Structure formats: C-alpha cells, structure tokens
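Listed below, chain by chain, are the residues.
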Amino acid sequence: MEALKEIANIAGKGGLYRIVKPSRTGVIVESLDEKKEKSMIGPTARVSVLKDISIYTDDDEQSKPLGDVFMAIYEKYNDDLPIVAKAASNAELADFMAEVVPEYDRDRVHMSDVKKMIGWYNILRKNLPEAFEKKAEETAETDATSNETSSETAETQEEKA
C-alpha cells in the first residue's frame, strides 16, 4: 500500500493525517476526515508514518508491514468488519487478529494496538478508499497476466499436438 507513506498518526491527537509538506519548523498535515483541517506539527511531536509501522510475528520475518495487514483485512472483510474496536473484549480482538494474521506474536502485540489498527483501517476505508483499490487493480493485472500465460501455454500445447 503505497499510499501509507504519506499517512501518519500523531501522538496525542486522534485520527490519521496526510503529510502535506515538510517545513523547517515541522510538518504541515491535513486531517483525514470530513473537515480536512490543515495544521503545523512541531519538530518535537511524535509522528509515526503508517508505512513504517509493522505487526510483530512469530515467523522468520519477525514482523508484517501494516499495509499488508490492512490488505489482509480488506480481502477477508472489505467494509464488513465483524468487530467494533471500542466495544470488543480482549479475547474478541485476539480472535480477530488470529484470523487476519495467524502468525502474529501474541506476547508482543497489545490489544490496545489492535484497537488502534482497526480504527485506522476504518478511517482509511472511509476517507482514502483508493489506497485499497489500487492494490486490487494490481491484483487484477497480475491475474490477467497469469491467465494470458495460461492461454498461451494451452495454445502452444495444442500446436504441438
């Protein structure tokens, strides 16, 4: 998900923000909501770009990029999440994570982080749906290419026969 390189979370502020422009005194951001408010974030603020965030896993990779986790959620549930983050119990959150990322590290991934991740997913689906559609287009292109290759292979086999 290439779009995540310009989306950030700012410690102490709710929601997600699009990074508009860096400046000498910080960074200009725009809220990812209906208001689209722009503001200046100072150099001491903790800004986390979503592209740089990953989920701890138990496999050889040790982590899975947040973009891959969001795509796994999108492919499995689209907009019909079976869970409401704020109302869910820790067991429900753990079950949800196990369905989406079976290899997630149950000791290092906190349920508060899962709640944040679900909230971020909902914000992105509502205010930046093209981030998910772009990946769907790439998948469709890959499928089309593999179908063409299969057709060519079948034609070649028919010519040989």
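Structure report, in brief. (Residues numbered from 1 in each chain as written. Predicted model: local features only at pLDDT ≥ 70, side-chain atom pairs only at ≥ 80, totals over all residues. Heavy atoms only, no water.)

1. A word on helix α2 (residues 90-100)
All buried positions along α2 are accounted for by Leu93, Phe96, Met97 and Val100. Along the long axis of α2, the arc covered by the buried residues comes to 95 degrees, so they all point the same way. The secondary structure elements touched by the buried residues of α2 are β6 (54-56), α1 (66-77) and α3 (111-127). (Buried < 20%, exposed > 50% of the residue type's maximum accessible area, 1.4 Å probe, protein only. Helix = DSSP H or I, 4+ residues; strand = E, 2+ residues; numbered from the N terminus. Arc of directions from axis to C-beta. Contact = heavy atoms within 4.5 Å.)

2. Re the sheet that holds strand β1 (residues 7-10)
Sheet architecture is open: five strands sit in the order β4-β3-β2-β1-β5, paired in antiparallel fashion. Strands with a single pairing partner mark the edges of an open sheet, and in this sheet they are β4 (38-41) and β5 (47-49). Neighbouring strand axes in the sheet, compared pairwise and without regard to direction, differ in orientation by 45 degrees on average. Two strands pair when backbone bridges link them, and strand β2 (residues 17-23) and strand β3 (residues 26-31) are joined in this way by six bridges, in the antiparallel orientation. (Pairing = 2+ DSSP bridges. Axes fitted to C-alpha atoms, helices over the stretch in contact; angles between N-to-C directions.)

3. What to know about the pattern of salt bridges
Applying the stated rule across the entire model yields eight salt bridges. Between Arg18 and Glu6 there is a salt bridge, with the nearest N and O atoms lying 2.7 Å from each other. Of the two residues, Arg18 sits in strand β2 while Glu6 sits in the segment before β1, which places them 12 residues apart along the sequence. Note on Arg18: relative accessible area 18%, which makes it buried. Relative accessible area serves as the criterion here: at 32%, Glu6 is assigned to the partly exposed category. One network of salt bridges, in which partners are shared, links Glu2, Lys5 and Lys51. (Salt bridge = Lys/Arg side-chain N within 4 Å of Asp/Glu carboxyl O.)

4. Digging into the side chain of Arg125
Along the polypeptide, Arg125 turns up in helix α3. Contacts of Arg125, omitting those with residues within four sequence positions, involve Tyr74, Asn78, Asp79 and Phe132.

5. As for α1
Between the first and last C-alpha of α1 there are 16 Å, a value that for 12 residues agrees with the 16 Å anticipated at 1.5 Å per step. Within α1, nine of the 12 residues are buried, which leaves it mostly tucked inside the rest of the structure. The set of residues buried in α1 consists of Leu66, Gly67, Val69, Phe70, Met71, Ala72, Ile73, Tyr74 and Tyr77. (Expected span 1.5 Å × (residues − 1).)

6. Quick look at the nonpolar core
Ranked by internal contacts, the top residues of the largest apolar core, which has 36 residues, are Leu50, Phe70, Ile73, Phe96, Met117, Leu124 and Phe132. Taken together, the elements giving at least two residues each to this core come down to α1, α2, α3 and α4 (130-160). It is α1 that contributes the most residues to this core, eight residues altogether. (Core = buried A, V, L, I, M, F, W, Y, C linked by side-chain atoms within 4.5 Å.)

7. What to know about the packing of α1 against α3
The contact between α1 and α3 brings their axes to 11 Å, and the two run at 70 degrees. When the axis of α1 is compared with that of α3, the two are roughly perpendicular. Side by side, α1 and α3 meet where Leu66, Val69, Phe70, Ile73 and Tyr74 of the first sit next to Met117, Trp120, Tyr121, Leu124 and Arg125 of the second. Looking at the contact of α1 with α3 residue by residue, the classes come out as nine nonpolar, no polar and one charged. (Parallel < 35°, antiparallel > 145°, perpendicular 65-115°, else oblique. Nonpolar A, V, L, I, M, F, W, Y, C, P; charged D, E, K, R; others polar.)

8. Description of the packing of α2 against α3
Where α2 meets α3, the axes come as close as 10 Å, and the angle between the chain directions of the two elements is 65 degrees. α2 and α3 meet at a crossing whose hand is left-handed. Touching Asn90, Leu93, Ala94, Phe96 and Met97 of α2 are Met111, Val114, Lys115, Met117 and Ile118, all from α3. Among the residues forming the contact of α2 with α3, the class breakdown is eight nonpolar, one polar and one charged. (Left-handed = near helix turned anticlockwise from the far one by under 90°.)

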